[in-house]
Each structure stands twice: as C-alpha cells, then as structure tokens.
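What follows is the residue order along each chain.
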Amino acid sequence: MRLLLSLSILCMALGAYDFALSPKRITSEVVCFFGEPNAMNTTNNGNMVNTCYLDTSKSYVVIDSGSSYAYAASVYKTMQAIKPLPVEMVINTHIHDDHWLGNGFFTQMGVKVLGSDDFAHGVDVHAPTRMQTHISPEAYAKTVPTLPDTIVTSDQTMTVGNLTIELRFMKQRSHSAKDMVVFIPERKLLFAGDLVFNDRVLSLREGEINGWISALDTLESYGATTIIGGHGYQSDQNAMKMTYAYLTQMRSEIRSALDEGLGIEETVDKVVMPSFKSLRMYDTMHRANVESAYRTLEWEQK
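Enquirer: Can you tell me about the overall build of the chain, naming the residues and giving the values?
Expert: Looking only at helices and strands, one finds ten helices and twelve strands in the chain. Relative to its length of 302 residues, the chain is compact, with a C-alpha radius of gyration of 19 Å against a globular reference of 19 Å. Across its three principal axes, the chain shows a C-alpha extent of roughly 65 × 40 × 35 Å. The proportion of buried residues among the 302 residues of the chain is 56%. Contacts in the chain between residues far apart in sequence, at least 24 positions, make up 69% of those at least 6 positions apart. Total accessible area on the chain is roughly 12800 Å²; 51% of this is exposed by carbon and sulfur atoms. Within the chain, the 34 negative side-chain charges are centred at a point lying 5 Å from the centre of the 26 positive side-chain charges.

Here it is as structure tokens:
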C-alpha cells in the first residue's frame, strides 16, 4: 500500500516545478544533493541547501527535506531512478526553513518526520516563509509548511535497516537554538546540518559564537571521516575546518578589539578577515556576523 501511494504521489508531483538536480554519491550508502552556495533567489529557487539520502538496505532515511515541496519531489524522483526504495523517515536538523519545507511532500506518503522540540515554539507555520518571499511562485507551489510529527527532545539511538543511527543535540545555542546532528558510528559518518558550512560564509543571525565553537569541538571528538554540512560541497574529514577557522579567528579579533576599547561600529570596520573574502556571501554576511558576535562577546567583559 505504501508503495502504491508513493507511486501515485510521485506521478502527481511530476507536474511540479522540476529542479535541475545533480546527485553526488558520497559513499556506497549516501547520495547527496549539494545546493548552490548562495542565498535563496529566483535563479536557484531554493536549491541552495544540502539534502542527503541514506540507504539502510531496505529503505531510505532523508536528512533535511529541503526548501519546498517541488524541491523534495525532484530529489525523490531522482533517487527513485537511482534505486527505488521507500523512504522510512525524514530527519530535520534544525528549524531554518530551507531545511524542512519539503516535509509536506513526505508526510502525504505517511513518512515519519523527526525534529527537535524547537519546532514547537520556534516556528510559526502561518507566517510567510523566507522561501515564499524569495523564490518564484512556480517553485514554491504546493509547499505547505509542515512541522515534524515526531518530536525528539534528547539524544536518541535507533536502528533502521542495517544501520545504527544516533541523533545528538548540541548542549547550547550554536547555529540555532537547538541543533541536532545525525551520526552513524560504524561508518564514521556525520550529517552536521548547518553547524558546518563550506564555500560560503556562514550565518550567525540566530546563533551564538561560543556555543558554535564548542559544538564543533564536540563534533571533532566523534572521529568522523565523512562530514556533510548544510551548505557547501566538501564532505571529507576536513569539512569542518573552514567554519572552525572562521569562527575562532573572528572571536580572537573581536576580543582584541574589545580589549582596545573599540565600539561595535569600529570593530565591524576593523575585523575584515581578508582570507575569507573569496567565499560566497562574504559581502552580505560577514559584517552582520561580526556585529552579532560582538554583542555576545562584550558580555564577557561586563
């Protein structure tokens, strides 16, 4: 019955906006769709986030459903052509809408969607989403903001098919209020969500610099050799290095500015970090990140 329902929904979804998606095989069990390292716009139409399918031998586990119904449908169609397995569950790593607005595509097939309790108080499904505002109406069509139906409040271990999957929470605000990662110990495989960025500057908009650095230290202790972040193409054991270097250098330079007695505007002008200028979104994100980090770090001197 689940297979017939899935086929029926896939047929209906074929009429939706079709993304030009390029799957990348990371391991024998993981295929990912790496989005453009940029903000959502009417050119990429939300194809700017990383979504991965984990093959557990009998079914797929999806890590982050993506930016819209049409995006999720396009990814699913591509994966069914590669290997026609049912989707067992979807895991949302955090509440930012580019990672979970594809949930509705899966819930109509009866697929279980897991997410943290941050969804219960951090998301207003009646408010316009960023995607709704920034991508084309055609790409956003059929998207209904759909929260996880299974709330996870603490670390959890589960067995799906032939794999043991660990859901682990960061201990404090990092990229968001409650970031969850997916770790497969026997494969040394880590899906880090937006705790790891590559090829573009990260966003501290709703994050906290000290918590984020602490979270990366924790992730480093896992000993993962395959690390897949929420944005960017790198997926080897060095995938966290850019994010860690960016945050630790920023913290060091802002602390020095505070020691000099510089105010926030002077610090934002001073902490330029030129070695990161080549990254996408530097011009739009970096100054805001410095300002956000300054507001956090100035409290250390109170």
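Enquirer: Can you tell me about helix α8 (residues 241-259), naming the residues and giving the values?
Expert: Given 3.6 residues to a turn, an α-helix orients residues that are three or four positions apart in the same direction. Between its first and last C-alpha atoms α8 spans 27 Å; for 19 residues at 1.5 Å apiece the expected length is 27 Å, and the two agree. Residues of α8 that are buried include every one of M242, T243, Y246, L247, M250, R251, I254, A257 and L258, and no others. For α8, the buried positions fall inside an angular range of 155 degrees around the axis, keeping them on one side. Exposed side chains of α8 directed beyond 90 degrees from the buried face belong to K241 and D259. If you follow the buried residues of α8, they end up packed against β11 (189-197), α7 (209-220), α9 (264-270) and α10 (282-297). One or two positions beyond α8, positive phi appears at G261, with a value near 85 degrees.

Enquirer: Outline the environment of L85, supporting the account with residue identities and numerical values.
Expert: Within the secondary structure, L85 is located in the loop between α2 (69-82) and β5 (87-91). Sequence-wise, L85 and G193 are 108 residues apart; in three dimensions their C-alpha atoms are separated by 24 Å. What L85 contacts, discounting residues up to four positions off in sequence, is D55, S57, K58, S59, Y60 and Q80.

Enquirer: Residues and numbers for the packing of aromatic side chains, please.
Expert: Across all of its chains, the model carries twelve aromatic pairs by this definition. Members of the aromatic cluster, joined through ring pairs, are Y69, Y76, F105 and F106. The ring of Y222 is capped by R168, whose NZ or CZ atom sits 4.3 Å from the centre of that ring. The side chain of K178 reaches across the aromatic face of F169, ending 4.9 Å from its centre.

Enquirer: If you had to explain empty space enclosed by the protein to someone new, which residues and values would you point to?
Expert: Under the criterion given, the structure shown has three cavities of 30 Å³ or more. Computed from the structure, the second largest cavity encloses a volume of approximately 50 Å³. Counting only elements with at least two residues in the lining of the second largest cavity, the list comes to β11 and β12 (226-231). For the lining of the second largest cavity, the residue count by class is five nonpolar, five polar and one charged.

Enquirer: Tell me about unusual backbone geometry, and please be specific about residues and values.
Expert: A positive phi angle, near 50 degrees, is found at K188, a position not held by glycine. In this fold, K188 is placed in the loop between β10 (180-184) and β11. Phi is positive for D199, close to 70 degrees, though the residue is something other than glycine. Among the secondary structure elements, D199 is positioned in the loop between β11 and α7.

Each value, and the rule that gives it
Residues numbered from 1 in each chain as written. Predicted model: local features only at pLDDT ≥ 70, side-chain atom pairs only at ≥ 80, totals over all residues. Heavy atoms only, no water. Helix = DSSP H or I, 4+ residues; strand = E, 2+ residues; numbered from the N terminus. Rg over C-alpha atoms; globule rule 2.2 N^0.38 Å. Buried < 20%, exposed > 50% of the residue type's maximum accessible area, 1.4 Å probe, protein only. Contact = heavy atoms within 4.5 Å. Areas by Shrake-Rupley, 256 points an atom, 1.4 Å probe, with all protein chains shown as cover. Lys, Arg positive; Asp, Glu negative; His and termini not counted. Charge placed at Lys NZ, Arg CZ, Asp CG, Glu CD. Expected span 1.5 Å × (residues − 1). Arc of directions from axis to C-beta. Phe/Tyr/Trp six-rings, centres within 6.5 Å; stacked < 30°, edge-to-face > 60°. Lys NZ or Arg CZ within 6 Å of the ring centre and 35° of its normal. 1 Å grid on protein atoms, 1.4 Å probe; cavity = no way out; pocket = protein on both sides within 12 Å on 5 of 7 lines; lining within 4 Å. Points joined across faces, edges and corners; volume = space filled by probe spheres on them. Nonpolar A, V, L, I, M, F, W, Y, C, P; charged D, E, K, R; others polar.

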